[in-house]
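Structural description and commentary
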Amino acid sequence: MIESIFVESFGPIKHAEIDALGQINLFIGHNGSGKTFLLKALYSSVKTIEAYKRGKEQRTEKEILADKLYWMFQAPELGELVRKGDNSLRFSMKSNRDETFTYSFGNSTTKSVSSVKNTFAPKSDNTIFIPAKEILSLRDVILEARENFNAFGFDDAYYDLAKALRPTGKGKNVKSFADARKDLSSAIGGRIAFDEKQKSWFFYGENNRKYDLSLTSEGIKKLSILDALLGNHYLSKNSIVIIDEAEANLHPEMIAKFMDIVYLLAKGGLQFFISSHSYFVIKKLYVMAQKHQMSIPTWSFDNGEATRFDLKDEMPENAIVNESIRLYKEEIGVL
């Protein structure tokens, strides 16, 4: 499990010490405050560790990391990731086993990272990044754009997810995963499955009726992605799941059900990193933290820095929460 992250002069982030992380971690803040930058930086690092010496991989950590940063941020030169006005950036993360992964580079860096230190043991588990936009209906387009044209457009979060979406595998899931899949099926009113004859994904609703994915909502397809990754065993007990804008395309009731599923999976061992602009996400996780007496570290990004809260103790001080309070007071004043 990732225990802490340190970021300095990375994109919009001036300085952030993200420590005492838990099974579920929430990042909130204005657009452009650095939430997604941090999630992408974390993902790039964890995927570098996972890829290093796995299978037939011959590249060094430096080569894997440089390639991952290039495709995740799609910056022509890596030096462009350094915060404007600063000379270099630093990233560091630490596990609960005291393993560390650190790197740094300057604003003149092109396509190589010269300083990388890694003490993480090889990982067999998979990390996944679920972006705000669903990708099931675009899976073939994403794969073709990268593999045939090697072109910018879809970053590595989309490409890796497209590759991870394989047909459902055989074998039982651990109980918490199986329970989460049942809840997912109930929430979306069905399930998705891969049709081997037509070589495509379809949605199976009430009475196992088959629908083309184009006829299902983006919210249903988004939650179906998580079900597919559990069903094909891409995700395992110690996997990390990063969700950008968890509320995207989901109405409040579905958001609440989604967060309940996240809780079940976190109990099963998955570690979650979630970004959000939604009061419903924050409030649901706050209620969850109170109900289960569970620590949910929450980081509020503003002015290039991050402030820590814990939903087990309090609601965070943040523009999202403040605006909700302001609207409530405005409503009281009108009635």
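Quick note: structure is the one above.
Computed from a predicted model, the values in this text were never measured in an experiment.

**Quick notes on helix α2 (residues 61-73)**
Given a rise of 1.5 Å per residue, 13 residues ought to cover 18 Å, and the 18 Å separating the end C-alpha atoms of α2 matches this to within 8%. Burial in α2 covers these residues: Glu61, Ile64, Leu65, Ala66, Lys68, Leu69, Trp71, Met72 and Phe73. Where α2 ends, the next residue or the one after it, Gln74, has phi of about 50 degrees, a positive value.

**Things to note about the sheet that holds strand β9 (residues 200-204)**
The strand order across the open sheet formed by three strands is β8-β9-β10, and the pairing between neighbours is antiparallel. Two strands in the sheet have a free side with no partner beyond their single neighbour: β8 (191-195) and β10 (210-212). With strand direction ignored, the average angle separating the axes of adjacent strands in the sheet is 45 degrees. By the bridge criterion, five bridges tie β8 to β9 in an arrangement that is antiparallel. The partner of Arg191 across the bridge, within β9, is Tyr204.

**Concerning the packing of helix α6 (residues 218-231) against helix α7 (residues 252-267)**
Viewed as axis vectors pointing N to C, α6 and α7 meet at an angle of 20 degrees, and their least axial separation amounts to 12 Å. By the angle between their directions, the pair α6 and α7 is classed as roughly parallel. The two elements α6 and α7 meet at a crossing, and its hand is left-handed. Residues Leu223, Leu226 and Leu230 of α6 form the contact with α7, whose participating residues are Met254, Phe258, Ile261 and Leu265.

**Considering the pairing of strand β13 (residues 297-302)**
Buried residues dominate β13, accounting for five of its six residues. As judged from the four bridges shared by strand β3 (residues 24-29) and β13, these two strands associate in the parallel manner. Residue pairing across strands places Phe27 opposite Trp299, the latter belonging to β13. Where β13 lies against strand β14 (residues 305-310), six bridges are found, and the strand directions are antiparallel. Among the inter-strand pairings, Phe301 is bridged to a residue of β14, identified as Ala306. Here β13 folds back onto β14, and the loop between the two strands holds two residues, one of which, Asn303, carries a positive phi near 55 degrees.

Reading the values: rules and limits
- Residues numbered from 1 in each chain as written.
- Predicted model: local features only at pLDDT ≥ 70, side-chain atom pairs only at ≥ 80, totals over all residues.
- Heavy atoms only, no water.
- Helix = DSSP H or I, 4+ residues; strand = E, 2+ residues; numbered from the N terminus.
- Expected span 1.5 Å × (residues − 1).
- Buried < 20%, exposed > 50% of the residue type's maximum accessible area, 1.4 Å probe, protein only.
- Pairing = 2+ DSSP bridges.
- Axes fitted to C-alpha atoms, helices over the stretch in contact; angles between N-to-C directions.
- Parallel < 35°, antiparallel > 145°, perpendicular 65-115°, else oblique.
- Left-handed = near helix turned anticlockwise from the far one by under 90°.
- Contact = heavy atoms within 4.5 Å.

Functional significance is not addressed by these values, which are geometric in nature.
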